[in-house]
Amino acid sequence: MSEIRFAGYGGQGIIRSGIIAGKAASIYDNKHATMSQSFGPEARGGACSSQLVVSDSKVLYPYITVADILVAMSQEGYDKFEPELSENGMLLMDEDLVKPKPPRGTMKVYPIPATRFAEQLGNKIVANVVMLGFFTAVADVVTYDAMKKAIPSSVPEKAVDLNLKAFDRGYEYGKELLQK
Amino acid sequence: MKTDPKGVLTGSHELSGNHACAEGAFAAGCRFLGCYPIVPALEISQRFLERAPAVGATFIQMEDEVSVLAAVLGASWTGKRSMTVTSGPGLSLMMEHLGLGVMLETPCVIVDVQMVGPGLGIPTRPSQGDMMQSRWGSHGDYEIVALAPSSPQEMFDFMIKAFNFSERYRIPVAVMSDEYVAHLVERVVIPPADAIELVPRRYYKGRKDNYLPFKRDKDFVPPMVDIGKGYRFHVTGLTHDNRGYPIMFEECQEYNVHPLVRKIRHFADEIVEVQESNLDDAEVILVSYGATSRAARKAMEEARKSGIKVGSLKLVTVWPFPEKRVAELAKRVKAFVVPEMNFGQIVLEVERCSYGAANVFFIPHGEKGVEYTEDIQAVIKRAVQEKNIKDGVIECVSKGV
Amino acid sequence: MNSLISALHKGIDKSGIDRTKISVPSDIPFVPGVIKELGVDYFQTPRGRAIAFGTGLKLGNPGLKVIPVVGDLMTLGGNHFVHGGRRNMELLVLCVNNFIYKKIGGKPTPSMPAAFSPYSTFEEPFNFPHLGNSCGAVYTARWTALHTEELAQSISEALHKRGLSMIEVLAPGPDYYRDINDIESDILQFYYENAVVKNNEDPRNVAITPDEKIMVGKFTDKERPTFIDSYNVQHSKILKDKFTPHGTVSQEQKASGDKNV
Amino acid sequence: MKANPKDVLTGTYYIDGDVACGYGALAAGCKFVAGYPITPSTEAFEAMCRRGPQVGAVFIQMEDELGSMAAVIGAAWSGVKSMTITSGPGYSLMQENIGFGAMVETPFVLLNIQRGGPSTGVPTKTGQADMMQSRWGSHGDYEIIAIAPESPQEMFDYAIKAFNLAEKYRCPVMIMSDECVGHMTEKVVIPEADKIEVEPRRLFKGPAAEYAPYKPDPDLVPKMAKAGDGLKLYITGLVHDERGYPVKNEDYKAAYVRRLIDKIKRNKDKIIEIREEAVDDADVVVVSYGISSRVAIKGVEIARENGIKVGTLRLVTVWPFPDERITELARKVKAFVVPEINYGQIVFDVARCSHGHANVVLVPHGGAGVHNPNDIADAIEYAAKEKKKIQGVVEHKTRLEKLVFEGGYKLKE
Amino acid sequence: MAEQKTTTGVVKPEIPEADVIHPMENLLRMDRMPHIWCSSCGIGIAVTAFTAALEKAKMDPNMVSIVSGIGCTGRVAGYVKLDSFHTTHGRPIAFGTGIRVANPNIKVVVFSGDGDLIAIGGNHFIHAARRNIDMLVVCVNNFIYAMTGGQVAPTTPLAAYATTSPYGCVEPPFNIPYLAESSGAVYVARWTALHVRRLTNSLAEALQKKGFSVVEVISPCAMYYSRINRLGDGLDMMRFYHDNVEIRHGEDTKNLDIGFQTKIICGKFVDRERPTYMERYSQWLTEVKGAKK
Amino acid sequence: MKLWRKPLDSDKIKIIRGEIHIIKDRCKGCSFCVEYCPKEVLEMSEEFNAKGYHPPYVKKPDDCVECHLCEMLCPEFSIFVTVKKEDEKPVTVASGEEQT
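Residues numbered from 1 in each chain as written. Chains lettered and ligands numbered in written order. Predicted model: local features only at pLDDT ≥ 70, side-chain atom pairs only at ≥ 80, totals over all residues. Heavy atoms only, no water.

> A description of the pattern of salt bridges should follow, citing residues and the corresponding values.
Two side chains bearing opposite charge may form a pair once their charged atoms approach each other closely. Inspection of the entire model under this criterion finds 107 salt bridges over all chains. Put simply, Glu154(B) and Lys314(B) hold a salt bridge, and the shortest N to O gap is 2.5 Å. Of this pair, Glu154(B) sits in helix α6 (residues 152–169) while Lys314(B) sits in strand β13 (residues 310–315), placing them 160 residues apart in sequence. Across the pair, Lys314(B) and Glu154(B) agree in class, each one buried. Of the charged contacts, one joins Arg86(C) and Glu171(E) as a salt bridge, the two residues approaching to 3.0 Å between their closest N and O atoms. Taken together, the positions of Arg86(C) in helix α4 (residues 78–87) and Glu171(E) in the loop between β6 (151–152) and α6 (176–183) put the pair across two chains. (Salt bridge = Lys/Arg side-chain N within 4 Å of Asp/Glu carboxyl O. Helix = DSSP H or I, 4+ residues; strand = E, 2+ residues; numbered from the N terminus. Buried < 20%, exposed > 50% of the residue type's maximum accessible area, 1.4 Å probe, protein only.)

> Any chance you could break down the domain arrangement of chain B for me, citing the residues and the numbers?
Residues and elements named next belong to chain B. Segmenting chain B into domains produces domain 1 (5–195) and domain 2 (275–395). The straight-line distance from the C-alpha centre of domain 1 to that of domain 2 is 28 Å. On the side of domain 2, 24 residues touch domain 1, which itself brings 27 residues to the contact. Here domain 1 meets domain 2 over a buried area of about 1900 Å², counting both sides, of which 55% is carbon and sulfur. Contact with domain 2 buries area across many residues of domain 1, yet Gln 128, Met 132 and Tyr 180 alone supply 33% of it, more than any other trio. Scanning the region where domain 1 abuts domain 2 turns up two salt bridges. For the pair domain 1 and domain 2, the interface holds 16 residue pairs in polar contact (both at pLDDT 80 or more). Where the side of domain 1 that touches domain 2 is concerned, the elements lending two or more residues are β6 (122–126), α5 (131–136), β7 (145–147), α6 and α7 (179–182). Considering only residue class, the side of domain 1 that touches domain 2 consists of 14 nonpolar, six polar and seven charged. (Domains from an automatic or database assignment. Contact = heavy atoms within 4.5 Å. Buried area = accessible area lost by both parts, 1.4 Å probe. Polar contact = N/O pair within 3.5 Å; in protein donor to acceptor, adjacent residues only side chain to side chain. Nonpolar A, V, L, I, M, F, W, Y, C, P; charged D, E, K, R; others polar.)

> So what about the sheet that holds strand β15 (residues 335–339) of chain B? Which residues, and what values?
Within a beta sheet, neighbouring strands are joined by backbone hydrogen bonds and run either parallel or antiparallel to one another. Residue and element names in this part refer to chain B. Spatially, the six strands line up as an open sheet ordered β11-β13-β12-β15-β16-β17, and their pairing is mixed. The open sheet terminates on both sides in strands that have one partner only, identified here as β11 (274–277) and β17 (393–395). The mean angle between the axes of side-by-side strands here comes to 25 degrees, regardless of whether they run parallel or antiparallel. Contacts between helix α10 (residues 292–305) and the sheet are confined to β11, β12 (284–289), β13 and β15, with β12 contributing the most and set at about 160 degrees to the helix. Against the sheet, helix α13 (residues 374–385) engages β12, β13, β15, β16 (359–363) and β17, with an angle of about 165 degrees to β16. (Pairing = 2+ DSSP bridges. Axes fitted to C-alpha atoms, helices over the stretch in contact; angles between N-to-C directions.)

> Give a detailed account of the arrangement of the chains, specifying residues and quantitative values.
Ranking the eleven pairs of chains in contact by contact count places chains B and D at the top. Considering only C-alpha positions, the minimal separation of the non-contacting chain B and chain F is 16 Å. Spatially, chain D is disjoint from chain F: no contact exists, and the shortest C-alpha separation is 19 Å.

> Which residues make up the packing of helix α3 (residues 50–60) of chain C against helix α3 (residues 65–77) of chain D, and what values go with them?
In contact at an axis separation of 6 Å, α3(C) and α3(D) are set at 40 degrees when each is read in the N-to-C sense. Regarding the angle of α3(C) to α3(D), the classification is oblique. The element α3(C) and its partner α3(D) pack so that their crossing is right-handed. Between α3(C) and α3(D), the residues in contact are Ala52(C), Phe53(C), Gly56(C) and Leu57(C) and Gly67(D), Ala70(D), Ala71(D), Ile73(D), Gly74(D), Ala75(D) and Trp77(D), respectively. Looking at side-chain class alone, the contact of α3(C) with α3(D) contains eight nonpolar, three polar and no charged residues. (Parallel < 35°, antiparallel > 145°, perpendicular 65-115°, else oblique. Left-handed = near helix turned anticlockwise from the far one by under 90°.)

Here it is, written out as structure tokens:
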């Protein structure tokens, strides 16, 4: 079972990230995945996070107790959810937006300039998908193929190409990073 | 604090419940009425408007009940004691703002002259069908104080009580009258102004720039200020911190909403008031409130005459419910008999608080029984004879049905 | 009230519309006998909700003709009225206006308890035709209880309008006015003396004021697409054949013999 | 009757509870939805707006919740299945019309995605504090049916069940979901149409002259009619007789309103659905509903690890309340533990029905989040160990409460 | 304008942090900044104009109370440092009416959105206008319900998209000035967020006006309205206002409909006198007192 | 350079210069201020602020004529203008005490 937290601010597509990953895991990888979301007081601009519990058996308790993976796309999100991350966990973060504390225990930290990549690809809005590609590469929770299948049905039709490109960009960056 | 003599019509009068209600409000210092005409609460606003110019009170007739309570809350924040009067359908429309009143901790009084429901029901007949609604009708968690008068005199007295509770605990208080009491004309003695004790609004007295609208005193109740005095405060219906600014974490929800419940539950003993008679040797106790307590009292007297040991517990405050007292009594009596002008509301509370120690008989729809006690008599007899304690409420069919 | 019912009777007759397809949601209680005679379906709704209720009826079954009768002077239901007008829901709103007016009864109004009047006596009433016109009603008219013939004519016309039509009926109000003031005959007399027919007057100018005569007549008669029209047009445009226009009989329904469309 | 294949979006989806409920409603044959946007229920309404026109269901966004509710009742009387979607504040506004709907015996479904209250409260986070309101929120006496689903799949399934119950008993049915379930995304399997049983409307089919809208069948539920059939309906929210005509005679009133209550009370056994697990030899039974029951699972697991015999009872239908079953269990067990996301609502009914036989422990939570499972485990442990019979509901002090009021937690000031 | 270029390679100087106090510090709750509105939202501009107008009209801030409802604009009350109330959905006018009638010395300003005031609060809007309650209503119109995520509003232009009109809006929108005028408002104006100076003047004028004044502020919603309808970002909306707004003072209010991306007519349309509610009330009061004597 | 004619009031009228203050973490990068500055004083920066937006910076501090349009148009209350004091160094930092 893995417990994953995506955190950022509203408008970054944090919840969409959870949905895409959950869909990939539950429909295309045939696991069980429960995604729940929490907004800040406002739908946008405020702190926002989604939690994803992926398991081989039915998910009974739908929330995170200790997170295995934290995907942080804002400082606020990082500050808020870093404490719940397991000491053996994994931190994925946007290196332009998050300045992390020194890691605890055997925690692994993987930075990526996701927002910058997205801007280079032409739209800041796909930063979350860059991050998802990166997540797929380094975290090994969902398979690459499942993610590739899950994206087209989860984003607007016109943006599928851009999103797939963004996903690959993040995925490749992740693979490169792992090789280093 | 003594009340302002301007509003007090000292003397002895023949008044209907509705008129007594308006007089009670004036005596309690109420100076703002928001209203929308609805039978059978009409005469309260009528009397209020007629006397308003002399007393110096203000009123407004709004476009619907939804806005009425909103206006009353607004008026209350200007420092005026405010109230509204309505009946079942209107109360249903006010439910959203009852929640706002609770959340903004705004003192105000809502008089509900109950009529037969649901829906449009029968506007000209009495009922007690809104009792649970007054407690549970708005969304979210809150506690409320509700009083049930049984006569015009009580209508007058309870208005003063209601305003006092609302100022003391900073909550909306419901006065659950009904059509019977509303149109019952009886002698009402209005005392002189200096005999009417009012709880003054709890005002904040510190520095102007330091005011926190929801910083609670030790008794969970925060002091208040008026609009236009330069405090420039902010209040919101969202979950908020001491400053009144919205903060929406669960910690804040706990911090904000738990005291709303607690400030009543904690002081329940202070608030709860019951009128007891003949309880010392009673085998059966009639639990009643509002208009039905008149029938209950009569039934008790008649039963006593025929040698049955019956006592009466009349709820002055229906909410908070006198849990402790009922539990205490349950241990030493055979049964409770609860006549209500509805199909089982407060009787569920009696059942809950008797903890299986006494039988609970319920006489639904004692509407006719306000003057007519045969049903109650029959049930009392049955209750005395019943040897076993049964689970659940024992519903009795009354002849009035 | 009776004059309204008889006008409704005549109006429906004139319009030639099948009575069984007419629904009357109303917040004024009509006695069962009257409705039975009228031959329509009648719903007494909570105060002020007749128009919203009618919206549901009409959308649930576009084959119905819905005539909301609004008695509470749109105090509670004002919002449903303006929004119904904006959407142009196909409803014929009969707005029964029974305000107590300064000249009526010759009594000094200040002592009139405000709780009895739908408006406190010192408040200015709405100019309903203007309000209706401004929020988009396709047909607005005003008649008094005395103008039974004209009212019936208006009803029959409005029943054939596509969109929200509004007819303001000045009539002595529900029972309690009569009870306290016994002024019904006075009101009728007053209407007789003070109503002036002015068809096609700009609704802006027909406000009822203390100093002028009451203008009655048909003020607005225009065409606009109704809610169901726009709903069908817009959805057909985007969804193409995935969408069956609402209110038309589909093949399946024809086959199953469902006539209720 | 089977569902219409056109209405059913058969397949496997990864959707949230709100959307699942919308799809469920359409599968059940809902043809009219009126709503007004309110967080956190909008996704359900949006889903129905997207899919509705394709299956011949009309949607309208009304000007307010009062209007939505009135329109839904109107649509039901025009002959279609109808529903509305809302959350706490909107629910409060609908109360008058809900009472009217119950009074004129209109079948409709209301989805309430509960959020933190009272008043505006915490719109984007969860709560379960409208439970009592669903039962007692309108004036006068009436009974309704309320269902509390716990997962998106159940949101779909119970949306269909809600429509079936509404049609069967001609009464309002509330789906009392909450933000957690509404915004929880899981796999939802939508079966084929011929696997979905839907209840057709009990329509009157006889000569118009014989029709009486409130003449009950043996199960106390009268046959429904629709406008435009030439039945000359007279429907009023006033207390009425079998023909629907208003009466002022109180005897009629009692008989009439009593039937509104009895039609639910007497059919209680058919309506109530509860799920029990390991209650037979349990010392403590956890009574829960909606999202709390999923949270409670974790607490129960912890308690079982500590060797306590815990059973669970989940209220799928919260109203009508299973009085008898609770009383029966109360005689067998030491205590009930009731975790709720409020400061005590359903727990009072558990306490009422336990008749002093078992202790009742409330694990409260103010909303805007769910219980810490450890609190539930602690409460279970306490309940198992407590030897005294305690009168009244024992309010378990949660970690959150301790943190906020004793732990020196600083809210920003 | 500057697209957000990131690959220019030119190193820009660090932006120095301002430590001077913001000129509106005394009228805004700066401790609550940054506010919750999205990037490019026009509500902030309307608030700036309002505070500037308060100063311009020389209002005593202690005697002005601001009431908001629910929605994006509903949060305004929380940011303005006056006696401020954030009430229930659609009811700020009713709440404000209570304040005004109970204490006629308070100037009530209702600051809320189109959905709040015109949809659910439509009844209170028309009735308060009819009564001519002495208050200023600032209605920020962004054509959509933004707080709940982009639902169709009573101001959404025909055929525009929203989440609850996924196939295009089928309801024609309200013409707010026309509705206000026909129900009795004494001062009606409309500006866009771009016309901030004119808006300020208008608000200052309306604040001093006796009676029910309505100022509609057309505001960009880049997060929902223009995103769902593919109208670009907030700046594109501002440019659109720049190119398509026509200022016509005194225009007949019935000509003020706004279609989907059509010309918007701005200006001051109505400025008239009617007795206010409190005036009629005191007149009634003197009559009653006279009659009693 | 010798002027052909000295303006009569050139010593009386001084062009008022403004000083722009930017509270960068409030900025949400709408760029209204950059677009509508009549003197094109401002430009968007490449720097990210805490919320992930690019705030503007003052490109041409000496060109500001204190028209306050950026201040009025800023939806975030994050930019404002004060009168630049003569004889002070053209820095964007002013002392808070003096202002209050």
